[in-house]
Amino acid sequence: MVTIQDNRRPSVDAPKVRINRALKLCPLFEKVARSTFDSALEVAEIDVVRAGMSIQKQDDDVTSLALLGHGRARLERKLPSGQTVPLGYRGSGDLLGEAALAGARTYAESAIAIDESEVVRFPVAAIQAWLRDDPALGLALLGLLIDRQRAAEDRIESLLFRNVEGRLVEFLLGAVDRWGVPDTRGTLISAPITHLEIAQSIGSTRETVTITLGALRKDGLLAVAGRRLIVVDRDALVKRR
(Lines give C-alpha, C1' and ligand atoms only; values in the text may rest on other atoms or scores of the structure.)
Protein backbone atom coordinates (compact mmCIF):
# COMPACT_ATOMS: atom_id res chain seq x y z
CA MET A 1 0.00 0.00 0.00
CA VAL A 2 1.28 3.47 -0.85
CA THR A 3 1.67 5.69 2.21
CA ILE A 4 -0.07 9.03 1.90
CA GLN A 5 1.76 11.98 3.41
CA ASP A 6 -1.00 13.53 5.48
CA ASN A 7 0.55 16.98 5.65
CA ARG A 8 -0.24 17.80 2.01
CA ARG A 9 -3.19 20.03 1.18
CA PRO A 10 -6.40 18.34 0.02
CA SER A 11 -6.88 17.72 -3.67
CA VAL A 12 -8.80 20.09 -5.92
CA ASP A 13 -10.13 17.23 -8.10
CA ALA A 14 -13.86 16.85 -8.71
CA PRO A 15 -15.80 15.70 -5.61
CA LYS A 16 -16.71 12.26 -7.01
CA VAL A 17 -13.07 11.61 -7.91
CA ARG A 18 -11.99 12.50 -4.37
CA ILE A 19 -14.75 10.37 -2.81
CA ASN A 20 -13.76 7.44 -5.02
CA ARG A 21 -10.14 7.82 -3.92
CA ALA A 22 -11.18 7.94 -0.24
CA LEU A 23 -13.29 4.79 -0.57
CA LYS A 24 -10.34 2.92 -2.07
CA LEU A 25 -8.18 3.95 0.89
CA CYS A 26 -10.66 2.56 3.43
CA PRO A 27 -10.29 -1.16 4.33
CA LEU A 28 -14.02 -1.30 5.04
CA PHE A 29 -14.77 -1.00 1.32
CA GLU A 30 -12.01 -3.26 -0.02
CA LYS A 31 -14.16 -6.34 -0.66
CA VAL A 32 -17.69 -4.98 -0.80
CA ALA A 33 -20.06 -5.72 -3.67
CA ARG A 34 -19.83 -3.36 -6.62
CA SER A 35 -23.39 -2.21 -5.92
CA THR A 36 -22.40 -1.19 -2.38
CA PHE A 37 -19.37 0.72 -3.63
CA ASP A 38 -21.40 2.50 -6.29
CA SER A 39 -24.12 3.38 -3.79
CA ALA A 40 -21.52 4.79 -1.39
CA LEU A 41 -20.06 6.87 -4.18
CA GLU A 42 -23.51 8.19 -5.01
CA VAL A 43 -24.77 9.18 -1.54
CA ALA A 44 -21.51 10.39 0.02
CA GLU A 45 -20.75 14.05 0.54
CA ILE A 46 -17.29 15.54 0.95
CA ASP A 47 -16.11 18.67 2.67
CA VAL A 48 -12.85 20.23 3.81
CA VAL A 49 -12.30 20.82 7.52
CA ARG A 50 -9.65 23.32 8.52
CA ALA A 51 -6.93 22.39 11.00
CA GLY A 52 -8.13 22.82 14.58
CA MET A 53 -11.82 22.56 13.68
CA SER A 54 -14.20 19.78 14.73
CA ILE A 55 -15.07 16.95 12.38
CA GLN A 56 -17.55 15.63 14.91
CA LYS A 57 -18.42 16.77 18.44
CA GLN A 58 -19.00 14.63 21.49
CA ASP A 59 -22.68 14.37 22.48
CA ASP A 60 -23.94 15.76 19.15
CA ASP A 61 -26.69 13.74 17.48
CA VAL A 62 -25.35 11.10 15.11
CA THR A 63 -26.27 11.98 11.54
CA SER A 64 -23.48 10.41 9.51
CA LEU A 65 -20.41 8.23 9.52
CA ALA A 66 -17.21 10.06 8.56
CA LEU A 67 -14.27 8.79 6.53
CA LEU A 68 -11.01 10.70 6.41
CA GLY A 69 -10.16 10.93 2.74
CA HIS A 70 -7.06 12.95 3.51
CA GLY A 71 -5.49 14.39 6.66
CA ARG A 72 -5.26 13.50 10.34
CA ALA A 73 -7.65 13.81 13.25
CA ARG A 74 -7.22 13.68 17.02
CA LEU A 75 -9.85 11.84 19.03
CA GLU A 76 -10.69 13.04 22.54
CA ARG A 77 -13.38 12.64 25.17
CA LYS A 78 -14.40 15.20 27.77
CA LEU A 79 -15.18 13.79 31.22
CA PRO A 80 -17.88 15.14 33.57
CA SER A 81 -15.01 16.59 35.64
CA GLY A 82 -14.06 18.79 32.70
CA GLN A 83 -10.86 16.91 31.95
CA THR A 84 -10.16 15.94 28.35
CA VAL A 85 -8.86 12.43 27.67
CA PRO A 86 -6.92 11.85 24.42
CA LEU A 87 -8.05 8.66 22.69
CA GLY A 88 -5.72 8.49 19.72
CA TYR A 89 -5.34 9.53 16.11
CA ARG A 90 -6.93 8.71 12.79
CA GLY A 91 -5.47 9.20 9.32
CA SER A 92 -6.33 8.85 5.64
CA GLY A 93 -8.68 5.94 5.05
CA ASP A 94 -9.87 5.75 8.67
CA LEU A 95 -13.48 5.89 9.88
CA LEU A 96 -14.76 8.20 12.60
CA GLY A 97 -17.83 7.59 14.74
CA GLU A 98 -18.26 3.93 13.85
CA ALA A 99 -19.96 3.31 17.23
CA ALA A 100 -23.03 4.86 15.61
CA LEU A 101 -23.45 1.66 13.63
CA ALA A 102 -24.14 -0.17 16.90
CA GLY A 103 -27.09 2.12 17.57
CA ALA A 104 -25.50 5.01 19.47
CA ARG A 105 -27.62 8.15 19.17
CA THR A 106 -24.82 10.61 19.98
CA TYR A 107 -21.10 10.70 19.25
CA ALA A 108 -19.07 9.24 22.12
CA GLU A 109 -16.02 11.39 21.37
CA SER A 110 -14.91 14.45 19.48
CA ALA A 111 -12.67 14.37 16.41
CA ILE A 112 -10.51 17.42 15.75
CA ALA A 113 -8.71 17.97 12.45
CA ILE A 114 -4.94 18.24 12.95
CA ASP A 115 -4.29 19.09 9.31
CA GLU A 116 -6.64 20.58 6.75
CA SER A 117 -8.60 17.43 6.00
CA GLU A 118 -10.99 16.02 3.44
CA VAL A 119 -13.92 14.34 5.17
CA VAL A 120 -16.34 12.03 3.36
CA ARG A 121 -19.69 11.56 5.13
CA PHE A 122 -22.25 8.77 4.68
CA PRO A 123 -25.80 8.85 6.08
CA VAL A 124 -26.11 6.31 8.88
CA ALA A 125 -29.27 4.89 7.32
CA ALA A 126 -27.39 4.14 4.11
CA ILE A 127 -24.60 2.34 5.97
CA GLN A 128 -27.14 0.26 7.88
CA ALA A 129 -28.85 -0.73 4.63
CA TRP A 130 -25.52 -1.80 3.11
CA LEU A 131 -24.77 -3.87 6.20
CA ARG A 132 -28.06 -5.72 5.77
CA ASP A 133 -27.48 -6.41 2.08
CA ASP A 134 -23.71 -6.97 1.86
CA PRO A 135 -22.11 -9.62 4.13
CA ALA A 136 -18.60 -8.53 3.10
CA LEU A 137 -19.19 -5.11 4.61
CA GLY A 138 -20.39 -6.66 7.85
CA LEU A 139 -17.30 -8.84 8.11
CA ALA A 140 -15.05 -5.87 7.40
CA LEU A 141 -16.78 -3.82 10.08
CA LEU A 142 -16.44 -6.66 12.59
CA GLY A 143 -12.72 -6.81 11.84
CA LEU A 144 -12.42 -3.06 12.29
CA LEU A 145 -14.19 -3.12 15.65
CA ILE A 146 -11.97 -5.98 16.85
CA ASP A 147 -8.87 -4.06 15.82
CA ARG A 148 -10.10 -0.95 17.65
CA GLN A 149 -10.85 -3.01 20.77
CA ARG A 150 -7.39 -4.56 20.68
CA ALA A 151 -5.78 -1.14 20.25
CA ALA A 152 -7.72 0.19 23.25
CA GLU A 153 -6.61 -2.76 25.38
CA ASP A 154 -2.99 -2.30 24.29
CA ARG A 155 -3.19 1.38 25.20
CA ILE A 156 -4.52 0.61 28.68
CA GLU A 157 -1.79 -1.98 29.19
CA SER A 158 0.85 0.50 28.10
CA LEU A 159 -0.41 3.23 30.43
CA LEU A 160 -0.51 0.83 33.37
CA PHE A 161 2.70 -1.11 32.95
CA ARG A 162 5.19 0.90 30.85
CA ASN A 163 7.29 3.87 31.88
CA VAL A 164 7.36 7.08 29.83
CA GLU A 165 10.14 5.89 27.56
CA GLY A 166 8.34 2.61 26.91
CA ARG A 167 5.09 4.41 26.07
CA LEU A 168 6.93 6.88 23.84
CA VAL A 169 8.70 4.08 21.98
CA GLU A 170 5.40 2.28 21.47
CA PHE A 171 3.89 5.49 20.08
CA LEU A 172 6.80 5.94 17.67
CA LEU A 173 6.60 2.35 16.44
CA GLY A 174 2.89 2.78 15.78
CA ALA A 175 3.58 6.02 13.90
CA VAL A 176 6.18 4.24 11.79
CA ASP A 177 3.69 1.51 10.91
CA ARG A 178 1.10 4.10 9.93
CA TRP A 179 3.07 6.96 8.40
CA GLY A 180 6.55 5.55 7.81
CA VAL A 181 8.31 6.11 4.48
CA PRO A 182 11.85 5.01 3.55
CA ASP A 183 14.61 7.54 4.17
CA THR A 184 18.36 7.40 3.66
CA ARG A 185 18.79 7.51 7.45
CA GLY A 186 16.04 5.01 8.30
CA THR A 187 12.26 5.43 8.30
CA LEU A 188 10.73 8.90 8.18
CA ILE A 189 7.46 9.48 10.07
CA SER A 190 5.90 11.58 7.34
CA ALA A 191 3.18 13.14 9.51
CA PRO A 192 4.45 16.12 11.55
CA ILE A 193 3.68 15.33 15.22
CA THR A 194 4.37 17.84 17.98
CA HIS A 195 5.83 16.95 21.36
CA LEU A 196 2.57 18.10 22.96
CA GLU A 197 0.51 15.74 20.79
CA ILE A 198 2.78 12.85 21.76
CA ALA A 199 2.56 13.80 25.44
CA GLN A 200 -1.24 13.92 25.33
CA SER A 201 -1.36 10.53 23.64
CA ILE A 202 0.97 8.72 26.07
CA GLY A 203 -0.15 10.40 29.28
CA SER A 204 2.94 12.49 29.93
CA THR A 205 4.08 16.12 29.67
CA ARG A 206 5.62 17.99 26.75
CA GLU A 207 8.79 18.64 28.75
CA THR A 208 9.25 14.96 29.61
CA VAL A 209 8.63 13.91 26.00
CA THR A 210 11.21 16.43 24.77
CA ILE A 211 13.81 15.12 27.23
CA THR A 212 13.08 11.47 26.38
CA LEU A 213 13.22 12.10 22.62
CA GLY A 214 16.55 13.86 23.16
CA ALA A 215 17.90 10.80 24.97
CA LEU A 216 16.80 8.52 22.11
CA ARG A 217 18.47 10.86 19.61
CA LYS A 218 21.66 10.89 21.68
CA ASP A 219 21.69 7.09 21.62
CA GLY A 220 21.43 7.14 17.81
CA LEU A 221 17.93 5.68 17.57
CA LEU A 222 16.21 8.80 16.26
CA ALA A 223 17.01 11.74 13.99
CA VAL A 224 15.10 14.87 13.08
CA ALA A 225 14.11 16.30 9.70
CA GLY A 226 12.41 19.65 10.25
CA ARG A 227 9.21 18.90 12.22
CA ARG A 228 9.40 15.20 11.47
CA LEU A 229 11.11 12.32 13.23
CA ILE A 230 13.24 9.62 11.64
CA VAL A 231 13.58 6.21 13.24
CA VAL A 232 17.21 5.33 12.53
CA ASP A 233 17.35 1.88 14.16
CA ARG A 234 13.96 0.25 14.58
CA ASP A 235 15.30 -3.00 16.03
CA ALA A 236 17.19 -1.14 18.76
CA LEU A 237 14.12 1.03 19.40
CA VAL A 238 11.94 -2.07 19.90
CA LYS A 239 14.29 -3.25 22.65
CA ARG A 240 13.65 0.01 24.56
CA ARG A 241 9.90 -0.65 24.72
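About the criteria used
Here the residue numbering is sequential within each chain, running from 1 through the sequence in written order. Residue-level local features of this predicted model are given only where pLDDT is at least 70; pairs of side-chain atoms are given and counted only at 80 or more, and the full residue set underlies all totals for whole chains, interfaces and linings. For side-chain calculations, the full set of non-hydrogen atoms in the structure is used, while hydrogens and water are omitted. Here, patches come from residues exposed beyond 30% relative accessible area and free of salt bridges, joined within 9 Å for like charges and within 5 Å for nonpolar side chains (Val, Leu, Ile, Met, Phe, Trp, Tyr). The method behind every accessible area is Shrake-Rupley, applied with a 1.4 Å probe, and residues are considered shielded solely by the protein chains displayed. One speaks of a salt bridge when a side-chain nitrogen belonging to Lys or Arg is within 4 Å of a carboxyl oxygen belonging to Asp or Glu. Going along the chain from the N terminus, every DSSP run of H or I of four or more residues is numbered as a helix, and every run of E of two or more is numbered as a strand. Only strands joined by at least two bridges in the DSSP assignment are considered to pair. Every axis in this analysis is a line fitted to C-alpha atoms, fitted for helices over the stretch in contact. Angles between the N-to-C directions lie between 0 and 180 degrees. UniProt positions are given in the numbering used here, feature names are shortened, and annotations may be inferred rather than shown by experiment. In this scheme, a helix's expected span is set at 1.5 Å multiplied by one less than its residue total. Whenever two N or O atoms come within 3.5 Å, that pair is a polar contact, provided that in protein one can donate a hydrogen and the other can accept it, and provided that, for residues adjacent in sequence, both atoms are side-chain atoms. Any residue under 20% of the maximum accessible area for its type is buried, any over 50% is exposed, and the rest in between are partly exposed; the area is computed with a 1.4 Å probe on protein chains only.

1. Points about a nonpolar patch on the surface
Part 1: Together, Leu79, Val85 and Leu87 line one region of the surface with nonpolar side chains, adding up to about 180 Å² of accessible area.
Part 2: With respect to the helices and strands, leucine 87 occurs in strand β5 (residues 84-90).

2. Details of the sheet that holds strand β4 (residues 73-78)
Part 1: The sheet built from four strands is open, its strands ordered β2-β7-β4-β5 with antiparallel pairing. The outermost strands of the open sheet, each flanked by one partner alone, are β2 (54-56) and β5. When strand polarity is set aside, the average angle formed by the axes of neighbouring strands in this sheet is 30 degrees.

3. So, the UniProt feature "domain: HTH crp-type" (unreviewed entry) in the protein chain
Part 1: As annotated by UniProt and renumbered to match this structure, "domain: HTH crp-type" (unreviewed entry) occupies residues 162-235.
Part 2: Helix makes up 53% of residues 162-235 and strand 22%, with an end-to-end C-alpha separation of 18 Å.

4. Description of helix α5 (residues 164-179)
Part 1: For α5, with 16 residues, the first-to-last C-alpha span of 22 Å sits near the 22 Å given by 1.5 Å per residue.
Part 2: Two or three places before glutamate 165, at the opening of α5, asparagine 163 has a side-chain oxygen 3.3 Å from that residue's backbone nitrogen.

5. Re the pattern of salt bridges
Part 1: Using the criterion set out here, one finds 15 salt bridges in the structure.
Part 2: The shortest N-O distance in the salt bridge between arginine 121 and aspartate 47 comes to 3.5 Å. With a gap of 74 residues between them, arginine 121 in strand β8 (residues 117-123) and aspartate 47 in strand β1 (residues 45-49) connect regions that are remote in the sequence.
Part 3: Given a relative accessible area of 29%, aspartate 47 falls into the partly exposed group.
Part 4: Between arginine 74 and glutamate 76 there is a salt bridge whose closest N-O contact spans 3.2 Å.
Part 5: Residues participating in the shared-partner salt-bridge network are Glu165, Asp219 and Arg240.

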